[in-house]
Every structure is written in C-alpha cells, then in structure tokens.
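Understanding the architecture of this molecule
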Amino acid sequence: LVCEEPSGNRNSPVGYAEAISGMATLLTALPLGYLADKYSRSGVIKGGGVVLLGATCLTVYAILNTEHEKHAYLVICVAMGLWGLGGGVISGPAQALFADSVPQGQRSHSYNVLFTLWLIPSCVGPIITIIMFSTLGDNWTLGMVRPVFLAGVLLEIPVCLVMFLFNDQDALEKIGSSQSLISEDMGEESVGAEPAGPEPAAGMRCGPFRTKHIPVIMFIGDLMVSLGSGMTVKYFPLYFKNAVGLSPARVQIIYALVPLCMVIVATVAQRVSVGFGRIQTVLLFRFLGILCLVTMVYYAEFRSIESWQLMVPLYLVRTALMNSAYPLSESVLMDTVPRDTRARWKSLESILQFGWCGSAVLGGYVADKYKSNGHDGYAQTFVLTAAMQVLGMVCYMPLLGLVPRKEAAAGEDPEGGVNEETPLLAGADKAVEGNSMG
C-alpha cells in the first residue's frame with residue numbers, strides 16, 4: 001500500500017515484490033521437499049525457521065529506513081524472497097509432517113481444526129491495527145501505517161521459534177509405513193505390510209483417469225485457481241481504499257471478519273461433505289464463491305454501484321466460500337499420496353504460490369492500465385480471476401469419479417465394511433462397474 005511511484009503507478013511495485021516471493025518458492029520448493037522426504041522433515045523445518053528470522057529482520061529494517069525509498073524497496077524485495085522460501089517450508093515439509101501425524105479417515109476433520117486454529121489468530125492482527133489506527137490516526141500515510149507494519153512483522157517471531165520444536169519421531173507414520181491410494185493403485189506393497197494379493201486392484205476410474213492421477217489433476221486445477229486469485233487478492237485492500245472509499249481502520253475491520261467467516265463456512269463445508277462428498281463440496285462452494293465475484297463485477301460495471309454495504313458482504317461471502325474447501329482438498333491429497341513423497345507433493349503444491357504471486361504482476365498491470373468508474377480497473381482483474389477459477393473447476397471434474405464420497409479409514413470400505421485385501425481401494429471395482437461418478 002505504501003509503494004507509490006512518482007508516476008502514480010501504485011499497483012505494479014506490489015506485484016513485482018509478490019512475484020519475487022513466488023519465484024523464491026518456485027526455485028526452492030521441490031529441492032526442499034526432496035530433502036524432507038529423503039532425510040528429515042524436522043531438519044528442513046528448522047532451517048525454514050532461520051530463514052524466516054532473517055526475513056523478519058530485513059523487513060523491520062526496511063520499514064524503519066524509508067527515507068531512501070528505492071533502497072527500502074530493494075530490501076523489501078530481498079525480504080519477500082526469504083518470506084517465499086520460508087513459506088514454502090511451512091506449506092511443504094511442515095504440512096507433510098502434520099499429515100504423517102493424522103490417521104487416515106480423520107484428515108478432513110483434522111485439517112478443518114488446523115484451518116480454524118490458523119484463521120482465528122488471523123483476526124488478532126486486524127484488531128490490533130484497528131486499535132492502532134484509532135489511536136494514532138486513521139489516514140493512509142506512511143507515518144500512520146509504519147507502527148502497524150512493525151507490529152505485524154514482529155508477531156512472526158513466535159512462528160519462527162515454534163519451527164525449531166518439530167520432531168519426525170513424534171509422527172504416527174514413520175518412513176516405510178505408508179499406505180495410500182496411489183501405492184495400492186500401482187500395485188506397490190508397503191514396507192512391513194502384508195502383501196495385498198496376487199493381483200493389485202485396478203483402482204477407481206473416470207474415463208482415461210485412474211486413482212494415481214488424482215494428485216496431478218488436483219495440482220493443475222489448483223494452479224488455475226491460484227493464477228486467478230493472485231490477480232486480485234493483493235489488490236482488494238487497494239480496491240476498498242480507492243473504489244469503495246474506506247478508511248484504513250474500516251479496511252482492517254473487513255480483514256478481521258474474513259477469518260471468522262472462513263471458519264464458519266469451512267465448518268459447514270466439512271459437515272456437508274460427510275454425506276455429499278469431499279470433491280462435490282469443493283466444487284459447489286467454489287462455484288458459489290465465483291458467483292459472488294461475478295456479482296461484484298456486475299454491480300460495479302453495469303450498475304455503477306460500489307457501496308460498502310453491497311461490496312463488503314459480497315467480498316466476505318466470496319472469500320469464505322473460495323477458501324472453505326481447503327481442508328477437504330488437502331485431506332484428499334494426503335490420503336492419496338504415499339508418506340515418502342508427501343513433502344514433495346506438498347512442496348509442489350506450494351509452487352502454486354508462484355502462480356499466485358506471478359499473476360499479481362498481471363493484475364497490477366491491468367489495474368493500472370484500465371480505468372473503471374474513475375479509478376483503477378479492478379473490475380477487469382475480477383473478470384480474469386473468475387474465468388481462471390472456472391477453468392480450475394473444470395479441471396477438478398474427473399475427481400468426481402475417482403474420489404469416493406465417503407472418507408474412509410485405512411482398511412475401511414468407503415461403501416461400508418472392511419476389505420482385508422486392498423483396504424484403501426475397497427469398493428473401487430464396484431464403482432467402476434456401476435459407472436459411479438463419486
């Protein structure tokens with residue numbers, strides 16, 4: 001928000017800094033995932049703690065030394081690279097270790113709890129900023145926002161310290177004890193487990209796709225959604241400032257409400273998925289979220305209505321719906337991939353941050369180039385976002401025939417009962433013969 005060039009081009013510098021963060025994740029995610037799978041998840045996580053401490057120090061330095069704007073911006077860019085590297089560790093090896101510690105059949109619930117615990121503290125930051133803006137002044141000036149930035153960055157220090165407490169030996173699943181849909185689908189036998197039988201299960205099918213394709217399908221679909229989201233997410237505060245006309249404190253009120261809305265909708269989504277199916281719920285909630293974004297574009301462009309009474313509720317509902325499906329999709333992915341490749345798949349998933357941050361450059365360019373209702377062309381970026389997210393939903397469609405509706409524990413038939421020969425794919429042949437779509 002404080003990256004303003006003399007030319008008045010306010011959006012592009014934000015996009016460039018975000019792109020650096022995404023590029024850092026892109027270049028390091030897979031090597032870090034390989035090291036975590038091959039050697040030690042907790043060792044890589046501790047290294048990430050060191051990186052995040054460095055990012056915190058550089059960010060604080062840049063915030064305190066803004067007299068030379070170009071120098072401060074360069075330091076911020078370096079810090080963003082370190083934030084991208086550290087964020088890849090959190091979303092890769094750390095998430096893989098969490099999945100190792102949760103029994104199969106309970107992951108959607110556990111990820112929902114994790115999601116909730118992650119979101120609730122997210123309300124604290126905006127609440128602190130509301131208090132500080134109310135005390136120091138509710139204006140969009142560097143002097144007003146600097147203390148707010150410092151408070152937010154310093155709160156990252158406990159996160160860095162916690163990363164030194166992880167231990168691989170505390171996980172439920174150890175190396176060599178993995179069971180997954182993919183390992184069974186490919187006819188592999190888990191180390192130390194009883195053979196599955198003379199003929200491995202064929203797995204569930206949907207056209208040319210098989211169970212082993214689930215992670216790839218999810219990655220491509222999520223990449224499309226990520227590319228679309230990156231064009232707008234970082235610019236919503238600017239949209240509320242420039243188009244809707246909200247003060248800093250009021251913008252922070254929105255971001256204090258967002259986590260609460262996401263917790264509520266994510267809990268609803270998890271309960272709906274029990275009977276409706278995880279993938280079915282993901283698609284439904286994403287569709288409704290995209291519909292809210294399209295509604296925002298309609299009222300902004302065709303009705304010239306951008307009042308906070310309309311735009312803020314639509315934004316809150318849209319954001320909650322689009323993000324509520326994360327615990328469900330994450331549980332599907334972790335149920336699918338073997339333990340000894342989870343960190344790599346999670347690191348590959350963290351590369352989505354590059355798409356997120358890289359497309360922020362395009363979003364900033366579009367917002368600066370096109371004008372709408374007398375301000376930057378945010379509505380145009382919203383249209384691009386909706387189109388990319390619809391494409392992501394289309395990519396997810398084959399999963400309807402590959403992922404059972406019921407989330408089953410290891411050894412449990414998704415249709416009920418227990419299959420001793422191929423516990424993770426029990427009932428798959430029935431689904432294929434019955435041409436079931438999930």
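Residues numbered from 1 in each chain as written. Predicted model: local features only at pLDDT ≥ 70, side-chain atom pairs only at ≥ 80, totals over all residues. Heavy atoms only, no water.

Moving on, we get to a nonpolar patch on the surface. Residues Ile 264, Val 268, Val 272, Phe 276, Leu 284, Phe 287, Leu 288 and Leu 291 make up a contiguous nonpolar surface patch of roughly 660 Å² in combined accessible area. Those elements that place two or more of their residues in the nonpolar patch are α11 (248–276) and α12 (278–301). With respect to the element layout, Leu 288 can be found in helix α12. Taking relative accessible area as the criterion, Leu 288 reaches 33% and is therefore assigned partly exposed. (Patch = residues over 30% accessible without salt bridge, like charges linked within 9 Å, V, L, I, M, F, W, Y side chains within 5 Å. Areas by Shrake-Rupley, 256 points an atom, 1.4 Å probe, with all protein chains shown as cover. Salt bridge = Lys/Arg side-chain N within 4 Å of Asp/Glu carboxyl O. Helix = DSSP H or I, 4+ residues; strand = E, 2+ residues; numbered from the N terminus. Buried < 20%, exposed > 50% of the residue type's maximum accessible area, 1.4 Å probe, protein only.)

Let's shift gears to the confidence of the model for the chain. Taken over all residues, the pLDDT of the chain has a mean of 78, while the share at 70 or more is 77%. Mean pLDDT values for the elements of the chain range from 32 in helix α18 (residues 428–433) up to 94 in α12. Confidence drops under pLDDT 50 across residues 1–9; counting only partners more than four residues distant or on other chains, this segment forms 16 contacts. Note that residues 417–438 has pLDDT below 50 and, in this model, 47 contacts with residues that lie over four places away or in other chains. (pLDDT = per-residue confidence, 0-100. Contact = heavy atoms within 4.5 Å.)

With that settled, the discussion passes to the environment of Gly 22. Looking at where Gly 22 falls in the secondary structure, it is placed in helix α1 (residues 12–38). Classification of Gly 22 as buried rests on a relative accessible area of 0%. In this structure the C-alpha to C-alpha distance between Gly 22 and Trp 83, which are 61 residues apart in sequence, comes to 9.2 Å.

Turning our eyes to something else, we now look at the side chain of Thr 116. Relative to the helices and strands, Thr 116 is located in helix α4 (residues 107–119). By relative accessible area, which is 16% here, Thr 116 ends up buried.

Let us look at the packing of aromatic side chains. Scanning the entire structure with this criterion turns up 11 aromatic pairs. One aromatic cluster in this structure is built from Phe 236, Tyr 239, Phe 240, Tyr 255, Tyr 315 and Phe 382. One Lys or Arg, Arg 286, reaches over the ring of Tyr 396 and ends 4.9 Å from the middle of that ring. (Phe/Tyr/Trp six-rings, centres within 6.5 Å; stacked < 30°, edge-to-face > 60°. Lys NZ or Arg CZ within 6 Å of the ring centre and 35° of its normal.)

Of note, Cys 57 is situated in helix α2 (residues 41–64). The exposure class of Cys 57 is exposed, given its relative accessible area of 54%. Linking Cys 57 and Val 153, residues 96 residues apart in sequence, is a C-alpha distance of 8.9 Å.

Mapped onto the elements, Tyr 378 comes out in helix α17 (residues 378–396). C-alpha of Tyr 378 to C-alpha of Gly 364: the two residues are 14 residues apart in sequence and 8.8 Å apart in space.

A few words on the packing of α2 against helix α3 (residues 69–100). Where α2 meets α3, the axes come as close as 8 Å, and the angle between the chain directions of the two elements is 155°. Classified by the angle their axes make, α2 and α3 are roughly antiparallel. Helix-helix and strand crossings are classified by hand; for α2 and α3 the assignment is left-handed. Considering only residue class, the contact of α2 with α3 consists of 22 nonpolar, seven polar and two charged. (Axes fitted to C-alpha atoms, helices over the stretch in contact; angles between N-to-C directions. Parallel < 35°, antiparallel > 145°, perpendicular 65-115°, else oblique. Left-handed = near helix turned anticlockwise from the far one by under 90°. Nonpolar A, V, L, I, M, F, W, Y, C, P; charged D, E, K, R; others polar.)

Under the definition given, this model contains seven salt bridges. Salt-bridge contacts for Asp 37 lead to Arg 344; the nearest nitrogen and oxygen are separated by 2.8 Å. Linking Asp 37 in helix α1 with Arg 344 in helix α15 (residues 342–350), this pair joins segments that are 307 residues apart in sequence. Using a relative accessible area of 6% as the deciding quantity, one classes Asp 37 as buried. Note that Asp 100 is salt-bridged to Arg 41, the shortest N-O span being 2.7 Å. One end of the pair, Asp 100, is in helix α3; the other, Arg 41, is in helix α2, with 59 residues separating them in the sequence. What you see here is one network of salt bridges that share partners, running through Asp 37, Arg 41, Asp 100, Arg 342 and Arg 344.

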